[in-house]
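These are the residues of each chain, in order.
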Amino acid sequence: MKNVMQNTNMQFHIIFSKRSIVGEFELHDDSSLTYAVDNGGFSILLGGKWALCLIADYQTGKVEGFETIVDDLSIIISDLSIPKRVEGALMFSSDEELNRGSGCHYIPFENKIYYDEKMKIMCIGDKNAKGQAVEFAKNIIAVVDDVKLVSIYLDLNEIDIEHIV
């Protein structure tokens, strides 16, 4: 990554529309979990490490992908349920230009995840957060409170994740 910005004027917005991103999770031998897309180019690093990352299109700010390295995170086993959500787009904006190959740290997140072994749901961020939930990509739900991203839920029922948790 060329350049990492750390400003405080970062915002997330929801555009209510039919979800246009259809992909799937891939679990790799190095314990990384990815939801790859063709576009992107701008990384939104959640928390202080590089272990949690949203991928946004650098030209539009549309969040389109997700990456994590599970071994670098604290995992807390917890009962979870995915909040009621709508389909739409998750948009990111900043007062700095989004450049290809660059990114930013979005600090309100910690380097931990919640995982429900029975339901195969992972939550990043505040599992009790209130706000508007949007499924911006198949099986990825973001919760936005005002203009702040407060949590992300991953529905992992379609992959075998048991061996990394």
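Visitor: Is there a simple way to think about the overall build of the protein in this case?
Guide: Of the regular secondary structure elements, the protein holds zero helices and 15 strands. For the protein, the residues scored as buried account for 51% of the 165 residues in total. Of all intrachain contacts in the protein linking residues separated by at least 6 positions in sequence, the fraction that spans at least 24 positions is 71%. Carbon together with sulfur atoms contributes 44% to the accessible area of the protein, which is approximately 8,300 Å² in total.

Visitor: Help me understand the pairing of strand β15 (residues 148-155), please; the structure alone is not making it clear to me.
Guide: Two faces make up the sheet, and in a regular strand the side chains alternate between them. Of all eight residues in β15, six are buried; the element is thus mostly enclosed. Bridge count between strand β12 (residues 121-125) and β15: five bridges; the pairing is antiparallel. The residue of β15 that forms the bridge with Gly125 is Ser151. In textbook terms, the turn of a hairpin is the stretch between consecutive antiparallel strands, and for strand β14 (residues 140-145) and β15 this stretch comprises two residues, one of which, Asp146, has a positive phi near 60 degrees.

Visitor: What is the right way to read the side chain of Asp116 from this model?
Guide: Mapped onto the elements, Asp116 comes out in strand β11 (residues 112-116). At 7.4 Å, Lys118 is the nearest oppositely charged side chain to Asp116, a buried residue that forms no salt bridge. At a separation of 3.0 Å, a polar atom in the side chain of Asp116 contacts the main-chain amide nitrogen of Lys118.

Visitor: Help me understand the packing of aromatic side chains in this model?
Guide: Centre-to-centre distance and the angle between the planes together describe a pair of aromatic rings. All told, the structure shown has four aromatic pairs when counted by the stated rule. Note on Phe12 and Tyr106: the rings are 5.1 Å apart at their centroids and 80 degrees apart in plane angle, and the pair reads as edge-to-face. In this pair, Phe12 sits in strand β2 (residues 10-16) while Tyr106 sits in strand β10 (residues 102-106), placing the two residues 94 residues apart along the sequence. For Phe12, a relative accessible area of 0% corresponds to the buried category. Given the relative accessible area of 6%, Tyr106 is considered buried. Plain terms: the ring middles of Tyr106 and Phe109 are 6.1 Å apart, the flat faces sit at 50 degrees to each other, and that makes the pair tilted. Here the two residues Tyr106 and Phe109 agree in accessibility, since each one is buried.

Visitor: Got a minute to help me understand the nonpolar core in this structure?
Guide: Here is a general trend for soluble globular proteins: nonpolar side chains tend to be buried in one another's company. Judged by nonpolar contacts, the single largest core of 35 residues is most densely connected at Phe12, Ile44, Leu46, Leu54 and Leu149. Non-local contacts of Leu46, meaning those with residues more than four positions away in its chain, are made with Leu52, Leu54, Tyr106, Phe109, Asn111, Ile124, Leu149 and Ile152. One finds Leu80, Ile141, Val143 and Tyr153 within the second-largest nonpolar core, a separate group that totals nine residues.

Visitor: Before we go on, may I ask you to explain the pattern of salt bridges in this structure?
Guide: For side chains bearing opposite charge, pairing can occur when the charged atoms are close. Going through the model one piece at a time under the given rule, you end up with two salt bridges. The closest approach of N and O atoms between Arg85 and Glu135, which form a salt bridge, is 3.5 Å. One end of the pair, Arg85, is in the loop between β8 (74-77) and β9 (86-94); the other, Glu135, is in strand β13 (residues 132-137), with 50 residues separating them in the sequence. Residue Lys112 is joined to Glu110 by a salt bridge in which the shortest nitrogen-to-oxygen separation is 3.6 Å. With relative accessibility at 23%, the residue Lys112 sits in the partly exposed group. Residue Glu110 is classed as exposed on the basis of its relative accessible area, which comes to 52%.

Visitor: Would you explain the sheet that holds β15 in this entry?
Guide: The strands that make up a sheet are held in pairs by hydrogen bonds between backbone atoms, and each pair lies either parallel or antiparallel. Read across the sheet, eight strands follow the order β2-β9-β13-β14-β15-β12-β11-β8 without closing on themselves; strand pairing throughout is mixed. For this open sheet the edge positions go to β2 and β8, each flanked by a neighbour on one side alone. The average undirected angle you get between the axes of adjacent strands in this sheet is 35 degrees. Pairing of β14 with β15, which is carried by six bridges, proceeds in the antiparallel orientation. Its bridge partner being in β15, Val143 is matched across the sheet by Ser151.

Conventions used here
Each residue is numbered by its place in its chain's sequence as written, counting from 1. Reporting of local features is limited, given that this is a predicted model, to residues whose pLDDT is at least 70; pairs of side-chain atoms are given and counted only at 80 or more, and all residues count toward the totals for whole chains, interfaces and linings. The side-chain numbers reported here are obtained from all heavy atoms of the structure, hydrogens and water having been left aside. Where helices and strands are cited, they refer to DSSP runs of H or I of at least four residues and of E of at least two residues respectively, numbered from the N terminus. Type-normalised accessible area, obtained with a 1.4 Å probe on protein chains alone, sets the label of each residue: buried when under 20%, exposed when over 50%, and partly exposed for intermediate values. Residue contacts are defined here by distance: any two heavy atoms, one from each residue, within 4.5 Å place the two residues in contact. With residues, only the protein chains shown are counted as cover, and all accessible areas are computed by Shrake-Rupley using a 1.4 Å probe. Strand pairing is assigned whenever DSSP identifies at least 2 bridges connecting the two strands. Positive: Lys, Arg. Negative: Asp, Glu. His and the chain ends are not part of the count. Salt bridges are identified by distance alone: a Lys or Arg side-chain nitrogen within 4 Å of an Asp or Glu carboxyl oxygen. By the criterion applied in these results, polar contacts are pairs of N or O atoms within 3.5 Å in which, for protein atoms, one can donate a hydrogen and the other can accept it, and in which residues neighboring in sequence qualify only through two side-chain atoms. Pairing of aromatic rings covers Phe, Tyr and Trp, the last counted by its six-membered ring, and requires centre-to-centre distances within 6.5 Å; plane angles under 30 degrees mean stacked, over 60 mean edge-to-face, and any other angle means tilted. Among buried residues, those of type Ala, Val, Leu, Ile, Met, Phe, Trp, Tyr and Cys that are joined through side-chain atoms within 4.5 Å constitute a nonpolar core. Lines are fitted to the C-alpha atoms to define the axes, a helix being fitted only along its stretch in contact, and any angle between axes, read from their N-to-C directions, falls within 0 to 180 degrees.

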